[in-house]
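Coordinate analysis (summary)
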Number of protein chains: 2
Amino acid sequence: MQADKRQILDEALGARRSRVQDYVRARAAAYAGCLAEGHLRDAVMSFVEHGGKGLRAQVLLLSCGLVGGNEELAVPAAAAVEAFHGWTLIHDDIIDRDLRRRGRPTIHEEYRRQAERQWGLSDPEARHYGHCLAILAGDVLQGWAVSLLCELNRKPGVSPEVVTYLIEDLNLRIRSGLMDGEMADVELPQLSLDALQPDAIIRMMHQKTGYLYEFAGRAGAMVGLNNADPSSPAAEALSSFAGRCGIAFQLQDDVLAVVGNERVLGKSTGSDITLGKRTVVNTYALEQAGEAQRRRLLRVFGNRQAAPAEVEEAKSLLKELGGVEYARNLAAAYLKEALGFLDAFPPSQPKELLVLLAEYMIDRQS
Amino acid sequence: MQADKRQILDEALGARRSRVQDYVRARAAAYAGCLAEGHLRDAVMSFVEHGGKGLRAQVLLLSCGLVGGNEELAVPAAAAVEAFHGWTLIHDDIIDRDLRRRGRPTIHEEYRRQAERQWGLSDPEARHYGHCLAILAGDVLQGWAVSLLCELNRKPGVSPEVVTYLIEDLNLRIRSGLMDGEMADVELPQLSLDALQPDAIIRMMHQKTGYLYEFAGRAGAMVGLNNADPSSPAAEALSSFAGRCGIAFQLQDDVLAVVGNERVLGKSTGSDITLGKRTVVNTYALEQAGEAQRRRLLRVFGNRQAAPAEVEEAKSLLKELGGVEYARNLAAAYLKEALGFLDAFPPSQPKELLVLLAEYMIDRQS
C-alpha cells in the first residue's frame, strides 16, 4: 500500500477510535456520579481514561458503515464493547497475576501498593485488598457496559428489538464463551502436555477473543441495517470476518509475548511461559523439541519462580524451535480467511478500512 | 397473629418463592447450554440450585400484586433480582474470605479443595484456582441476571420502556450503590475506630442491602402498573418500604452474626468480629465498653488469628455491652418506618403478605 494512502486510512481509523473514546469518557463522567469518591471510583475512571487500541470498537463502527448504516448511531454499541472488553481484562489480570497493562500497573497491583502505603498493611493483606478492589472495579465496569448498550435506545433508527437482541447476546452467549475461554486458560496448564489437542488451543482463542470480535462485526451490521435478525447474510459475514480477525489478533499476542518489547507493549511478557500457558507458540515448540531442549523448556514452563535469565533462554528456544514462525503463519491463514468474508461487499471506504484493520492484527508490535 | 392465618400466609409466601426458583432453574438449564461442561458450569448451576430465601423476589412479586398487577408477569424480574443478588454473594464471599454459605462450602472454598484433590496443587495455587473460579462464576451469573430481565420483553403487557428502565437502573445505580457498600465494608476496618461515624455504618447497610430491596419494590410496582416512571407514588412508596426492610434485614444479619446458630444459619459466624467489621453491634458495644472491656474486645477485633474461645468471649461481651439489643431496637424502628409506607394502600392479600414478610426480616433466625 502507498504511504500516503496508508496515512489517510490511519487517520480515518484514529478518528473512529477517538470518537468512541470521547463518548466513553463523557458517559463515564456521568456514570461515575453514582459512585462515592474513593479508590473504587478512581480505579474505574483511570482504567477508562487510559483506553486501549479500541480495535473491537473500530470493527463495530466500520461493519455498520459497510452495510450502509450511519456509524454515529452505532457509537454506544462500540463503547459498550470496549467497556465489556475492559472488565474482562481487569478480572483476567487478577487471574493471570499480571502486573502491567497499557503501560501502567494493573488495578490489583496498583491498589496493593496503595494499601501498603496508605494503611501499612502486611503483604498478604495488601494483596487481598488489591484483589477486592479489582474484582469490584471489574463488576462496576460490567454494569457500565450494559448501560452503554441501553443508550442505543435513545438513538432514532435503532429498534428496541435490535437493542434487546444485542443485550442478551452480549450477556449470555458472548459472556459465556469468554468465561469458558478464561477457564480453559486456567485449566489447560493443569493437564499433561501430551494430553493436549491443538484444537483445544484454537477453541480457547476463539472463545477468549474471537467471540467478542464476532459480536462487534454482527452488532455493527445489525445496527447499520436496523435488523434484529442475527442470521442475515451481512451480519453472518461480518461476524465471521471479525471472529477470524480476533483469532489472528490473539495469535499475534502470543507471538509478542515471546518476541515483543515490554516497553512498547505496555505489559509484562514472559508470563505465558512461567504460567505454563498452552499457546500455539509454546506447544508447537515443545512438540518440535528434542529431549534436551524439552527438558530445558520444561524447567521454566509453568515455573513462576524461574529466574529472568532462564525465561529469556526459554524465549530464544521457542523461536529457534519454530514456535513463533508457526504461530505467525497460522495468523496469516486466519487473516486470509477473514478477508474472504468481505468479498461479497462492493468496494467502499469502510471496506478498505476493514482490510487495513485486519492486516494490522498481525502487523502490530503492541 | 392467629396460628392458622399465619400458616396460610406462610404457604402463600412459600408458593411465590417456589415459583421464582422454578423459573430460575428452568432458565438456568437453558442458559447453561452456552457453557462448556466443567467446573465453571458446575459451580454456577450448583449455586443456582441451592437458592437462598428469595426474600427480594417475594418483595418484588408482592409489590406487583399490591398495585393490582399480574404477579406472573413480574416473575422474570424477580428471578433477575435473585440472580443479581447471587453474584454479589459469590464475589462478597471471596472478599470476606467466608468458607460457608447456604449450608455448603462457598464456591472459592469448594474449588480450592477440588484443585487440591484433582491436581494436587499446593495451598497457594489451589487457593488461587478457587478465587479464579469464583470470580468467573460470579461474572457468568451477572450475565444471567441481565438475560433474565430481558425475558420481561417476552411478556405481553410489559412495555419496552419499563424493561429498559429496569436494566439501566439495576446495572448502573443499584450496582454502583452495592459496590460502594462493598468497598465501605472493606475500607472501614482500615479506619481508626474513633474516626467512625455511626451514619457511615447505616449508609453502608443501605448501599449493601437497601438498594437492591428498593429496586425490588420499585420494579414490582413498575411492572404491575406497566409504568416506566420510577417516581410514581406507588413506585416510590414501595421502594421506600422495601429499602427499610433491607436495612432491618441487614441489622438482623449483624445480630445473628453474634448470637446466631451456625448450623441453622448455614454460614460461618464470628467473621464480623475477626475481620473487624464495622457493624452497629460491634461499634455500639465498643462505645459502651470500659477500658478493660475495650482492650479485651480489641484483642479479637480485626484479628483473623484469634482463637475460637477468644471469639466466643468477644461475642458474649458484645451481648453484655448491649450491642445486640441496640441493633435489635434499631431494626424494629426501621421495620416500623417500612410499614408506614404501606398505609396508603387499601387492604389486600399482597399487603398482608408484605407485612408478614417485613416482620420476618427481624424475626428470622437464619
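It should be noted that the structure appears before, not after, this text.
For the structure given in this document, a descriptive report is provided here. (Residues numbered from 1 in each chain as written. Chains lettered and ligands numbered in written order. Predicted model: local features only at pLDDT ≥ 70, side-chain atom pairs only at ≥ 80, totals over all residues. Heavy atoms only, no water.)

In this section: the overall build of chain A. Looking only at helices and strands, one finds 16 helices and two strands in chain A. Relative to its length of 366 residues, chain A is compact, with a C-alpha radius of gyration of 21 Å against a globular reference of 21 Å. Structurally, chain A occupies a C-alpha span of about 60 × 50 × 40 Å along its principal axes. Counting across all 366 residues of chain A, residues that qualify as buried make up 60%. Counting only contacts in chain A whose residues sit at least 6 apart along the sequence, the fraction spanning at least 24 positions is 76%. Of the roughly 14,000 Å² that chain A leaves accessible, carbon and sulfur atoms contribute 49%. (Helix = DSSP H or I, 4+ residues; strand = E, 2+ residues; numbered from the N terminus. Rg over C-alpha atoms; globule rule 2.2 N^0.38 Å. Buried < 20%, exposed > 50% of the residue type's maximum accessible area, 1.4 Å probe, protein only. Contact = heavy atoms within 4.5 Å. Areas by Shrake-Rupley, 256 points an atom, 1.4 Å probe, with all protein chains shown as cover.)

Moving on, we get to helix α3 (residues 55–66) of chain A. All names here are of chain A. Relative to the 16 Å expected for 12 residues at 1.5 Å per residue, α3 spans 16 Å between its end C-alpha atoms, a close match to the ideal helical length. Of all 12 residues in α3, 12 are buried; the element is thus mostly enclosed. Turning to α3, its buried residues number three or more, namely L55, R56, A57, Q58, V59, L60, L61, L62, S63, C64, G65 and L66. On its buried face, α3 is in contact with α1 (3–31), α4 (75–96), α8 (198–225), α9 (233–259) and α16 (349–363). Phi turns positive, to about 90°, at G68, one or two residues after α3. (Expected span 1.5 Å × (residues − 1).)

Least-squares fitting of chain B to chain A yields an RMSD of 0.0 Å, with the superposition described by an axial translation of 0.0 Å and a rotation of 180°. Each copy turns onto its partner about a two-fold axis. Take the interface residues of chain B: 100% of them recur as interface residues in chain A, which is what a same-surface contact looks like. (Least-squares fit on C-alpha atoms with pLDDT ≥ 70 in both.)

All names here are of chain B. Compared with the 40 Å implied by 1.5 Å per residue over 28 residues, the 39 Å span of helix α7 (residues 160–187) between its first and last C-alpha is a close match. A bend of about 35° at D169 is the largest found in α7. Within α7, 24 of the 28 residues are buried, which leaves the element mostly enclosed by the surrounding structure. (Bend = angle between axes of the 7 residues up to and from the residue.)

The next subject is unusual backbone geometry. Positive phi, close to 55°, is recorded for A:R97, a residue that is not glycine. In this structure, A:R97 sits in the loop between α4 and β1 (100–101). For B:N226, which is not glycine, the phi torsion reads 50° and is therefore positive. Mapped onto the secondary structure, B:N226 falls in the loop between α8 (198–225) and α9 (233–259).

Let us now look at the interface of chain B and chain A. Contacts between the two partners involve 48 residues from chain B, matched on the other side by 48 residues from chain A. With both chains or domains summed, chain B and chain A bury close to 4,400 Å², and 67% of this area falls on carbon and sulfur atoms. Across the chain B-chain A interface, the total number found is six salt bridges. Our count for the contact surface shared by chain B and chain A stands at 20 residue pairs in polar contact (both at pLDDT 80 or more). Looking at the side of chain B that touches chain A, the elements with two or more residues in it are α2 (39–49), α4 (75–96), α6 (123–150) and α7 of chain B. Partitioned by chemical class, the residues of the side of chain B that touches chain A number 25 nonpolar, 11 polar and 12 charged. (Buried area = accessible area lost by both parts, 1.4 Å probe. Salt bridge = Lys/Arg side-chain N within 4 Å of Asp/Glu carboxyl O. Polar contact = N/O pair within 3.5 Å; in protein donor to acceptor, adjacent residues only side chain to side chain. Nonpolar A, V, L, I, M, F, W, Y, C, P; charged D, E, K, R; others polar.)

In this structure the tally under the stated criterion is 50 salt bridges over all chains. The structure contains a network of salt bridges with shared partners spanning A:E109, A:R112, A:R113, A:E116, A:D123 and A:R127.

Before going further, it helps to spend a moment on the packing of aromatic side chains. The way to describe two aromatic rings as a pair is by their centre distance and the angle between their planes. Residues and elements named next belong to chain A. Considering all chains together, one arrives at 10 aromatic pairs over all chains under this definition. Summarising the aromatic geometry, the rings of F84 and W87 are spaced 5.3 Å apart at their centres and angled 75° between planes, so their arrangement reads as edge-to-face. Of this pair, F84 and W87 both sit in helix α4, three residues apart, which is roughly one turn of the helix. Classification of W87 by relative accessible area gives buried; the value is 0%. Measuring from centroid to centroid gives 6.0 Å for Y213 and F249, while their planes differ by 45°, and the two rings are tilted. Linking Y213 in helix α8 with F249 in helix α9, this pair joins segments that are 36 residues apart in sequence. With respect to class, Y213 is no different from F249; both count as buried. In this structure, R56 packs its charged tip against the face of F249, placed 5.7 Å from the ring centre. Against the face of F249 rests R364, its NZ or CZ located 3.7 Å from the ring centre. (Phe/Tyr/Trp six-rings, centres within 6.5 Å; stacked < 30°, edge-to-face > 60°. Lys NZ or Arg CZ within 6 Å of the ring centre and 35° of its normal.)

By themselves these figures say nothing about function.
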